[in-house]
Amino acid sequence: MTPEDRRAELAESLEAVRERLAKACQAAGRSPDEVELLAVTKTFPASDVALLSDLGLSAFAENREQEARGKVAEFAELRPVAASRWHMVGQLQRNKARAVARWADVVESVDSDRLAEALARATASALDAGEREHPLDVLVQVSLDGTTGRGGCAPEDVPQLAETITRTSDLRLRGVMAVAPLGGDVDVAFSTLSSISERLRVDHPEAVDVSAGMSGDLESAVAHGSTRVRVGTALLGGRRLTSP
Ligand SMILES: *Cc1c(COP(=O)(O)O)cnc(C)c1O
């Protein structure tokens, strides 16, 4: 496929996603500017990120540190003056914290005190070394399926983790993130997340972000107050399966 063809394809899918978002917002009585569109570019090349940037997007997400690191650097070469914000949305091991702190603007998958502490230390070193300019924005990932196998902390652990994050000076607590449980009722899941967010904001009024909704369930997420949908397939097409 030529770059022109790919650009046309991405323009078309972007328009379709924006239309779905507009409809979902209208149905929920919300303004479309209340919901940010985050393009999940995992498995797709930096050239696609460049085209999405040309089409007006500036928020991109990845789920693997090593893949992201290379892509962020390549994108910076392809579009040196374009604005971009990079979100880490995948499960993260503590030993990758230092690497992530070099490129991520936001880590959405913080689910333990130990990971939060590792990210705080990593961000402090990256700031000291001149590898980043700002504190790291983080979201608490909440598991909504009663297990923590796919990442996320238990809902009852959110307040404690929020305290740990706000005690550090290098992390900024921005809100919550969740993935709807496989095979579960997405409306129930997103409504639970909405209550968790509401409770969190009592003690942390600045933590207003609710990152919820993907290609298959963004309408439900928007109906339940999502402020950021993370869309991969519906924008970029099907991903080849990678290792589990
Ligand atoms: C891959 C991924 C997405 C995007 O999923 P799609 O169904 O392709 O839109 C969203 N959130 C997370 C955490 C992901 O890993």
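Residues numbered from 1 in each chain as written. Predicted model: local features only at pLDDT ≥ 70, side-chain atom pairs only at ≥ 80, totals over all residues. Heavy atoms only, no water.

To be explicit about the condition: UniProt positions are given in the numbering used here, feature names are shortened, and annotations may be inferred rather than shown by experiment.
As named in an unreviewed UniProt entry, the protein chain is Pyridoxal phosphate homeostasis protein, taken from Saccharopolyspora dendranthemae. The UniProt entry for the protein chain carries this comment under Sequence similarities (unreviewed entry): "Belongs to the pyridoxal phosphate-binding protein YggS/PROSC family." According to the UniProt record, the Cofactor (unreviewed entry) comment for the protein chain reads "pyridoxal 5'-phosphate".

## Focus on helix H1 (residues 3-28)
The line we're drawing: Secondary structure is summarised from DSSP: a helix means a run of H or I of at least four residues, a strand means a run of E of at least two, and numbering begins at the N terminus for each. By this rule the span expected of a helix is its residue count minus one, scaled by 1.5 Å. Buried residues are those whose accessible area, probed at 1.4 Å on protein chains only, stays under 20% of the maximum for their type, while exposed residues exceed 50% and partly exposed ones sit between those limits.
The end-to-end C-alpha distance of H1, which contains 26 residues, comes to 37 Å, matching closely the 38 Å that a straight helix rising 1.5 Å per residue would cover. Among all positions in H1, only Arg6, Leu10, Ser13, Leu14, Val17, Leu21, Ala24 and Cys25 are buried. Note on H1: the residue one or two positions beyond its end, Gly29, has a positive phi of about 65°.

## Re the site of the ligand
Counted only if it meets this: For each residue, the test is whether any non-hydrogen atom lies within 4 Å of the molecule or strand; if one does, the residue is near. When residues are sorted by character, Ala, Val, Leu, Ile, Met, Phe, Trp, Tyr, Cys and Pro go into the nonpolar class, Asp, Glu, Lys and Arg into the charged class, and all the rest, Gly among them, into the polar class.
For the ligand, the full set of nearby residues is Val40, Lys42, Val89, Met214, Ser215, Arg230, Val231, Gly232, Thr233 and Arg239. Residue composition of the shell around the ligand, grouped by class: four nonpolar, three polar and three charged.

## Remarks on the pairing of strand S4 (residues 106-110)
Walk down a regular strand and you will see the side chains alternate between the two sheet faces. Stated formally: Following DSSP output, two strands are said to pair if at least two bridges run between them.
Here S4 lies mainly inside the structure; five of its five residues are buried. By the bridge criterion, two bridges tie strand S3 (residues 85-88) to S4 in an arrangement that is parallel. Bridge pairing links His87 to Val106 in S4. In this structure, S4 lies alongside strand S5 (residues 136-141), joined through three bridges in parallel fashion. Paired with Val107 across the bridge in S5 is Val138.

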